[in-house]
Amino acid sequence: MKTLRPIVLNLVTWTLVLLIAFPLLWMIITSLKPQSELFRIPPTWIPESITFEHYWRLLSETPFLRYFRNSVVLAVSTTVFVVILGTLGAYSLVRFTYRGRETMAMLVLFTYLLPSVVLIIPLYLMIASLGLSNSLFGLILAHTTFALPYALWLLRSFMEGIPEDLENAALVDGASRMGAFKDVIFPQLLPGIISTALFTFILSWNEYLYALVLVNSESVTPLTTGVMSMLISAFNIEWSLLMAASVMMSLPLIVVFAFLQSYLTSGFGAGGVKG
Amino acid sequence: MTAIATNPPRDRRSPLERAYARLGVLLIAPTIIVFSLVIVYPLLAAIYLSVFSIYTPTLQGDFVGAANYIELLTGGAFWHSLGVTLIWTVGTLSLQIIAGIGLALLLHQNIWFRSLARSLVLFPYFLSTVVAVLVWRWLFNDLYGALNHGLIQLGILDMPLDWLGSMPNAMIGVILVGAWKYFPFVVIAVLARLQTIPENLYEAARIDGAGPVGRFFDITLPQLRSVLVVIILLRAIWDFKEFDLLYLLTGGGPVTSTQTLSLLVYQEAFGLNQMGQAAAYSVGMMLVMLAFMVLYIRRTGGK
Amino acid sequence: MANVTFRNVRKSFGEFVALEELDLHINEGEFVALLGPSGCGKSTTLRMLAGLEFPTSGEIMIGDRVVNDLAPGKRDIAMVFQSYALYPHMSVGENIGYPLKKRGIKGRERDDAVQKAAELLQLDALLDRKPKQLSGGQQQRVALGRALVRDPQVFLLDEPLSNLDAKLRSYMRAELIELHRRLGKTMVYVTHDQLEAMTMASRIAVMHGGRVQQFDTPDAIYNRPANRFVAGFIGTPPMNQVEGTVEGGHFITGGHKVPIDRSAYADALRDGPVVLGVRPEAITIGKGEGLPATVRLAENTGHETIVTLELPDRTRISARVEAARRLDVGHSVALTFDPDAIHLFEASATGARLNLDAKSASVVSMRSK
């Protein structure tokens, strides 16, 4: 009884974990199956042979690489823009007193919860009238609508975790406010900034609706709408190719998960789920 | 004493204090500008647009007053979508919470390769919705899908099911995928809270003779209460406004049986090209959400 | 070196008034303790002096400069924080050298100054460590080192010892006294621990409810408390307070007469309700003549016994007797108070001392405004 319990617990847990992970495993398995094996009934759970032909085709015969490049530019620009603004803004919101500060904090939280579809119509009109339709810059601007409130909220929470006396000590030691920020607060905030940057990057990387509405030119299409269009345009849906695209599209996430997972979990604690 | 009372301290801030306040405003200024441009202005514009009738391709339109709102109240589409949204939200949220708490409790135990198990469970949350949808559509495929064949091989089904093309399967399908994608959020939040419950509470309960079930209901659940309230509010808001997952899985179909409010707004604006009506729907949707938002802001905004 | 002056300083946070009206003059080279329970305004006072909080009204001066509008870094002060506030990403050496770096002192000169401060505090072997790798006592010394490395006019210390264990605390008390003697600098020290204030300070400002209750030497604070609050705050156990009345030059409580030294009061001694204060060590427990009381508790600490006694009106008072003395709980005894050690206070809530001298009176009189 005493020795059986942990084994049962492990078996139950791992069965559930594998069940949850199965779609992901199936994605990888499908992407490696040769075309001939794909449409077997019933499907082969473990592939009989493995091929990388779909990956090769994805990279050489489809605009996947261009989509990938667009997504990198889009997500990196959004992240850099939003994290810089958010860091300064969070410093202001947490460590300064001025009229309207509380209102601003409330507005940030409010917009953090706002549905994108409310903003999409006027944004569509605005970006069109600015002549920014079908440009990455217009899309970056649109991405700030969800990324900036998110980053501000996260960074605000990280900033609150830095003891106020640390900044006070620097002030007494002769630093100016911005000097104290550079010497003391920024180094302390860095893990929070990294965490926020990762979250913002993932949000922007995964975003679909704005890209769908604001972009219809191949040259600026990011991965989300690009890969989806491969599904719709194909006469005969090539599931292996799509699964290969899905795996490739998830690569940045896999890298983040493998090396930087602790930053993701710490971001969670900060992101409004503290009890 | 009287001298102090008649001089309210408000505008007697020292130059240093004022300089600090100026710096604070300067630091938030870029954020305010961007906010006004991409959030506040569009938000107000949405309300403004909602009293016009605008044809999307030409962007020409006339002032129609409350006509769009009368259509919203009497047309039925809004109420139908609101009902769909509520079913979707309640369904997927309950699954997320139950699965989330359950897995968090399991992953809190001493499991073999615990961190690997945690990573695998968390991964769907960070996955692009596009990827999640592609994978699930492949799994749901009625001819070659792994789900149907798996269930047949396990003897649960004897015929392949049409997962996304008919009701109620389509609703069950999206609720299932929604739960799969978003329950890790609950897992992480609950796990973090579980780690802060002091062990001596459990020791005290054990001394008092409480079994594992009793300890869960008497200690774990009450300790999780406050974090659960926040999670439920936050996830309710996010699930309520979910667009990508439903749009990509079913497109609102079959017909409009999974068309939530977000999809209705999109469909009206870019499918039916009625931008003014769509704006009115979006304002209506926001008003419904406002209750949850105010509740959440009350709950967490103060701190 | 410089003196420090607070003139009519008031501080409120919205509706909440943290400091009512503060007038305090600290002399050059003095070691002054701001002592009081939490929320009394002592930390706010120190932080205003540092420039970390802004007075709502009034003037703060260091030397002959009004510093209200000066940034903390320009006030020529150094501060030790309760949490130490060491910069976690900097080494011990970088922490101590930071104030110099911010003043543009570079290279050899800075290294030498850091080395000197480190040697003074026996930190020279730890200069390359990060704060996290140090013990609490070592961290505390780094915080001191960061304050010492420059030659500031005033040292501000905000409960610097409260995070140390009892043994280390008493060691650091001696160190700080020695340091003050050697540097001869003005020091303002915030604490809630009366032992620290009594042993280290040349003068103590006892604070309560946003006001200075008494500002005087430790001796005067102990022996001539200005009001009931100070009397009840200083001493372990603190001064006993017995309610009663003055009738014809005698103190009467519960129908019993307590002799007092009338000459000490002159015309301040009028008939009416008063509160009598007497320290536990000025009480003699005997039989027969005296104030009747019942023994409720006797706590032997090894070198003395603290006896808790109950008067007929249920007031509990404590008395200090030698350790060997045996007193049985429940027994009736008779108490006599040393007439020279009796203090009389007004029966009002503020409870000012009846025979205040002019200096203390000036502090206390403001409270009646």
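Residues numbered from 1 in each chain as written. Chains lettered and ligands numbered in written order. Predicted model: local features only at pLDDT ≥ 70, side-chain atom pairs only at ≥ 80, totals over all residues.

An unreviewed UniProt entry annotates chain B as Sugar ABC transporter permease of Histidinibacterium aquaticum. Of the comments in the UniProt record for chain B, the one headed Sequence similarities (unreviewed entry) reads "Belongs to the binding-protein-dependent transport system permease family." As stated in UniProt under Subcellular location (unreviewed entry), the record for chain B gives "Cell membrane". (UniProt positions renumbered as here; feature names shortened; annotations may be inferred.)

As named in an unreviewed UniProt entry, chain A is Carbohydrate ABC transporter permease, taken from Histidinibacterium aquaticum. Of chain A, the UniProt comment under Subcellular location (unreviewed entry) reads exactly: "Cell membrane". Taken verbatim from the UniProt record of chain A, the Sequence similarities (unreviewed entry) comment is "Belongs to the binding-protein-dependent transport system permease family."

Along chain B, the regular secondary structure elements total 13 helices and two strands. The buried share among the 303 residues of chain B stands at 42%. For chain B, long-range pairs separated by at least 24 residues make up 67% of all intrachain contacts whose partners lie at least 6 apart in sequence. (Helix = DSSP H or I, 4+ residues; strand = E, 2+ residues; numbered from the N terminus. Buried ≥ 20, exposed ≤ 12 C-beta atoms within 10 Å, placed from the backbone. Contact = placed C-beta atoms within 7 Å.)

On to the sheet that holds strand 18 (residues 316-322) of chain C, then. Residues and elements named next belong to chain C. Overall, antiparallel pairing links the five strands, which are arranged 15-19-16-17-18 in an open sheet. Lying at the two open borders of the sheet, with one neighbouring strand each, are strand 15 (283-286) and strand 18. Going from strand to strand, the sheet's axes swing by 45 degrees on average, the running direction of each strand aside. Across four bridges, strand 15 lies against strand 19 (residues 332-337) in antiparallel orientation. Within strand 19, the residue paired with Ile285 across the bridge is Leu335. (Pairing = 2+ DSSP bridges. Axes fitted to C-alpha atoms, helices over the stretch in contact; angles between N-to-C directions.)

With that out of the way, let us pick up the interface of chain A and chain B. Contact with chain A, which involves 73 residues of that partner, is made by 75 residues of chain B. In terms of residue count, the dominant contributor to the side of chain A that touches chain B is helix 1 (residues 4-32) of chain A (13 residues). Within the side of chain A that touches chain B, the residues separate by chemical class into 53 nonpolar, 19 polar and one charged. (Nonpolar A, V, L, I, M, F, W, Y, C, P; charged D, E, K, R; others polar.)

So, about the UniProt feature "domain: ABC transmembrane type-1" (unreviewed entry) in chain B. Per the UniProt record, "domain: ABC transmembrane type-1" (unreviewed entry) is annotated on residues 82-296 of chain B. Its end C-alpha atoms 20 Å apart, residues 82-296 of chain B is made of 76% helix and 0% strand.

Moving on to the UniProt feature "transmembrane region" (unreviewed entry) in chain A. Residue and element names in this part refer to chain A. In the numbering used here, UniProt assigns the "transmembrane region" (unreviewed entry) feature to residues 7-29, 72-94, 106-130, 136-155, 184-203, 209-232 and 239-260. The span residues 184-203 shows a helical share of 100% and a strand share of 0%, and its end C-alpha atoms are spaced 29 Å apart. As annotated, residues 239-260 comprises 95% helix and 0% strand, and the C-alpha atoms at either end are separated by 31 Å.

A word on the packing of helix 8 (residues 164-172) of chain A against helix 9 (residues 177-206) of chain A. Residues and elements named next belong to chain A. Closest axis-to-axis distance for the helix 8/helix 9 pair is 9 Å, and the angle between their directions is 155 degrees. By the angle between their axes, helix 8 is roughly antiparallel relative to helix 9. Here helix 8 runs over helix 9; the crossing is right-handed. From helix 8, Leu166, Glu167, Ala170 and Leu171 reach across to helix 9, where they touch Ala180, Asp183, Val184, Ile185 and Gln188. Here the contact of helix 8 with helix 9 is built from residues that sort into six nonpolar, one polar and two charged. (Parallel < 35°, antiparallel > 145°, perpendicular 65-115°, else oblique. Left-handed = near helix turned anticlockwise from the far one by under 90°.)

The feature "transmembrane region" (unreviewed entry), as given by UniProt, occupies residues 20-49, 86-107, 119-139, 170-192, 245-266 and 278-297 of chain B in the numbering adopted here. Taken as a whole, residues 86-107 of chain B contains 100% helix and 0% strand, while its terminal C-alpha atoms sit 31 Å from one another.

Turning our attention to the nonpolar core. Side chains of a nonpolar character, in soluble globular proteins, are inclined to be buried together. Counting 264 residues, the largest nonpolar core has Val187 of chain B together with Leu156, Val188, Tyr189 and Ala205 of chain C as its most contacted members. Considering each element in turn, this core owes the most residues, 16 residues, to helix 8 (residues 169-194) of chain B. Ignoring sequence-local partners within four residues, the contact set of Leu156 of chain C consists of Leu46, Leu49, Ala50, Ile77, Met79 and Val188 of chain C. (Core = buried A, V, L, I, M, F, W, Y, C linked by C-beta atoms within 7 Å.)

Once that is clear, we can look at the confidence of the model for chain B. Residue and element names in this part refer to chain B. In this model, chain B carries an average pLDDT of 86, and 95% of its residues clear a pLDDT of 70 or more. Per-element mean pLDDT across chain B ranges from 40 in helix 1 (residues 2-6) up to 93 in helix 4 (residues 77-108). A low-confidence stretch, residues 1-10 stays under pLDDT 50, and its non-local contacts, those more than four residues away or across chains, total six contacts. Taken over the whole predicted complex, pTM reads 0.87, whereas the ipTM for its chain interfaces reads 0.88. (pLDDT = per-residue confidence, 0-100.)

What follows covers the interface of chain C and chain A. With 18 residues of chain C at the interface, the matching set in chain A holds 13 residues. Counting residues per element, the ones that place at least two in the side of chain C that touches chain A are strand 6 (77-80) and helix 2 (92-101) of chain C. When residues in the side of chain C that touches chain A are grouped by element, the largest group, three residues, is from strand 6 of chain C. Taken together, the residues of the side of chain C that touches chain A break down into 12 nonpolar, three polar and three charged.

Now for the sheet that holds strand 12 (residues 250-253) of chain C. Remark on secondary structure: sheet strands pair via backbone hydrogen bonds, oriented parallel or antiparallel. All names here are of chain C. An order of 13-12-11-14-20 is seen for the five strands of this open sheet, with the pairing classed as antiparallel. Each edge of the open sheet carries a strand with a single partner, namely strand 13 (256-258) and strand 20 (342-346). When the angles between neighbouring strand axes are averaged without regard to direction, this sheet yields 45 degrees. Sheet topology places strand 11 (residues 240-247) next to strand 12; three bridges connect them, and they run antiparallel. Bridge pairing in strand 12 places Val246 opposite Phe251.

Residue and element names in this part refer to chain A. According to the domain assignment, chain A consists of domain 1 (19-50) and domain 2 (63-270). For the side of domain 1 that touches domain 2, the elements supplying multiple residues, two or more each, are helix 1 and helix 2 (35-38). Of the residues forming the side of domain 1 that touches domain 2, the biggest block, four residues, is contributed by helix 1. Considering only residue class, the side of domain 1 that touches domain 2 consists of three nonpolar, three polar and one charged. (Domains from an automatic or database assignment.)

Turning to the domain arrangement of chain B, a few remarks are in order. In terms of domain boundaries, chain B breaks down into domain 1 (2-49) and domain 2 (76-301). Summarising the inter-unit geometry, the C-alpha centres of domain 1 of chain B and domain 2 of chain B are found 39 Å apart.

Moving on: the pairing of strand 6 of chain C. Residue and element names in this part refer to chain C. Of the two faces of strand 6, the one lined by Ile77 and Met79 and the one lined by Ala78 and Val80 are each fully buried. Bridge count between strand 6 and strand 7 (residues 154-158): four bridges; the pairing is parallel. The residue of strand 7 that forms the bridge with Ile77 is Val154.

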